[in-house]
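So you can see what is in the structure, the chains are spelled out below.
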Amino acid sequence: MVSSRRQLLLTGGAGLVGLASGLARPGLSRAADRPILTHGLQSGDVGSDSAIVWARADRPCRAIVEWSTTESFSEIRGGTVADALPETDGTVKVALTDLPPGQDILYRIRLEDLAAPTIRGPAQVGRFRTAPADRRSVSFCWSGDTAGQGWGIDEARGGMTIYKAMLGNRPDFFLHSGDTIYADGPIAAEVMLPDGTLWRNRVTEAVAKPAETLAEFRGRYKYNLTDANVLAMNAAVPILAQWDDHEVTNNWWPGEPLTRAEHLRKKYADPNVRALEVRASRAFHEYMPMRFEPAEPGRVYRKIAYGPLVDVFMLDMRSYRGPNGENRETRYGPDAYFLGPVQLAWLKRALAESRATWKVIAADMPLGLVVTYDPERSFGSEAVAQGDGPPLGRELEIADLLRFIKTANIRNTVWLTADVHYTAAHHYDPNKARFQEFEPFWEFVSGPLHAGTFGPNKLDDTFGPQLRFVKAPPEGQANLSPAAGYQFFGHVAVDGRTEQMTVTLKDAADADLWHVTLDPARG
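Residues numbered from 1 in each chain as written. Predicted model: local features only at pLDDT ≥ 70, side-chain atom pairs only at ≥ 80, totals over all residues. Heavy atoms only, no water.

A. Structural context of the environment of Ala115. Topologically, Ala115 is positioned in the loop between β6 (104–113) and β7 (124–129). For Ala115, a relative accessible area of 75% translates into the label exposed. Separated by 55 residues in sequence, Ala115 and Pro60 have C-alpha atoms that sit 9.0 Å apart. (Helix = DSSP H or I, 4+ residues; strand = E, 2+ residues; numbered from the N terminus. Buried < 20%, exposed > 50% of the residue type's maximum accessible area, 1.4 Å probe, protein only.)

See the structure below:
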């Protein structure tokens, strides 16, 4: 229930929220005077008894947040208030707590002017479902890479239609596997396609150049939140968000000097990526409905427990890595960090403590695909894999993790990822690996959501990945537009009765491309 300090505001003070006709009349001012919600609603990091909800206002004001279990809001079960201020670009996000498990939750946000509290804007309503306390079936979607390589919102083509396809699956939540924006890529008004037609982007000042200022990073999130498909999905499906490189700049690593040819073309004013990273992180956390971690403000890695069947372990493969060098170290140390020692220790503990049937490891990069750091020089490693052979460099960290999972008898781990802009299914087989101290597991790749399509990448045999399915552009073709039909997402369904997990790889038309059903290991 609501706190006593706010009881009058949220339950007894109906006039303040426009529910009592007599007291509400002073709030019926001219529409232009009313504060408004500018970019829809979002929810995220939902559990069995809590969730984060988000909104953005067009001016300094107070956001009144209420939740109910009925669409009529005839009974307000709880809520809070938060102030939308310029310091956070008008964004507000709050935790709703003491929610009932396994329940559809309706939440309503309206704005109240700070200078004239009787002036109130219209409410918007969102919804989500809390995680179950019992073994109810669970489903979710995942993918990554939104509005990349200059492919923005073409309204004549329906905008980012893959979000509509995902919404049609009615998932319990959506896992965004990184590259939630492309801060480093300009979006032009028009792009000529191979068939002679034009791709016509909606454009704003913030997407005209690579983002450098805090305002420009914020502008990238606001741009994506103008798409009708994204707004509709955000209002109905909670998001679990992680980041990768393009929230800052392509293939960055902490401390990287901005001296590559790519950086020089983008004309960055800062000599080092750190200043960009600080601004980008702030914008990411302002615009994503995710938990705040007081012990490490800005932390992305975390566990989301979604009932007895599914725990999601959200990783950050960007913020703690060593340099993107040749990745051939023979001993584990700072140059070979990928998750980094602190995050790796957290992940081991969290996996060992998990009692969920399925442990979903949400990785923003794949384990067994070779990704080059600087393609123009054919130099360096961007991901884990550095080529066939025994573990070297970052592979030492992953080998240690896989060995731990085996020796600790942790069962039913599944890796979900994006990043490479095509879709694939990899089965990791120790009998076909150079490093063999692990149990077999699956890694599923999906994406992009709305970006250029590339691939496929070369598989590294260190951990024995076997290609079971792939769909990517024909050889020699790259950066195909969303109109080419190579946009992908994945769907996961866990059956509450059998506890089987079915993973289906889909395209933007919601066509099933390939699927597999996994039986849970017992014991």
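Further notes follow.
B. Quick peek at the pattern of salt bridges. Summed over the entire model, instances satisfying the criterion amount to 38 salt bridges. A salt bridge links Arg321 to Glu382; its shortest N-O distance comes to 3.3 Å. On the criterion of sequence distance, the pair formed by Arg321 in the loop between β14 (310–314) and α8 (341–353) and Glu382 in the loop between β17 (379–381) and α9 (395–407) is long-range, its members being 61 residues apart. Since its relative accessible area comes to 1%, Glu382 is described here as buried. (Salt bridge = Lys/Arg side-chain N within 4 Å of Asp/Glu carboxyl O.)

C. Local environment of the packing of aromatic side chains. Throughout the structure, instances matching the rule amount to 24 aromatic pairs. Relative to Tyr287, the ring of Trp54 lies with its centre 5.7 Å away and its plane at 50°, an arrangement referred to as tilted. A residue pair is termed long-range when its members are at least 10 positions apart, and Trp54 in strand β2 (residues 51–56) and Tyr287 in helix α7 (residues 273–287) qualify at 233 residues. Neither residue differs from the other here; Trp54 and Tyr287 are each classed as buried. (Phe/Tyr/Trp six-rings, centres within 6.5 Å; stacked < 30°, edge-to-face > 60°.)

D. Quick peek at the packing of helix α4 (residues 214–224) against α7. At their nearest, the axes of α4 and α7 sit 9 Å apart, and the two run at 35° to each other. Judged by the twist between their axes, the crossing of α4 over α7 is right-handed. Of α7, the residues touching α4 (which contributes Leu214, Phe217, Arg218, Tyr221 and Lys222) are Leu276, Arg279, Ala280, Arg282, Ala283, Phe284, Glu286 and Tyr287. (Axes fitted to C-alpha atoms, helices over the stretch in contact; angles between N-to-C directions. Left-handed = near helix turned anticlockwise from the far one by under 90°. Contact = heavy atoms within 4.5 Å.)

E. Summary view of the confidence of the model for the protein chain. Of the residues in the protein chain, 94% have a pLDDT of 70 or more, and the chain-wide mean is 94. Averaged over each element, pLDDT in the protein chain is lowest for helix α2 (residues 21–24) (31) and highest for strand β23 (residues 501–507) (99). (pLDDT = per-residue confidence, 0-100.)

F. Region of interest: the packing of helix α3 (residues 161–168) against helix α5 (residues 228–236). The geometry of α3 relative to α5 is characterised by a closest axis approach of 7 Å and an angle of 30° between their N-to-C directions. By the angle class used here, α3 and α5 are roughly parallel. Where α3 crosses over α5, the two elements pack in a sense that is left-handed. From α3, Thr161, Tyr163, Lys164, Met166 and Leu167 reach across to α5, where they touch Asn229, Val230, Ala232, Met233 and Ala236. A breakdown of the residues in the contact of α3 with α5 according to their chemical character gives seven nonpolar, two polar and one charged. (Parallel < 35°, antiparallel > 145°, perpendicular 65-115°, else oblique. Nonpolar A, V, L, I, M, F, W, Y, C, P; charged D, E, K, R; others polar.)

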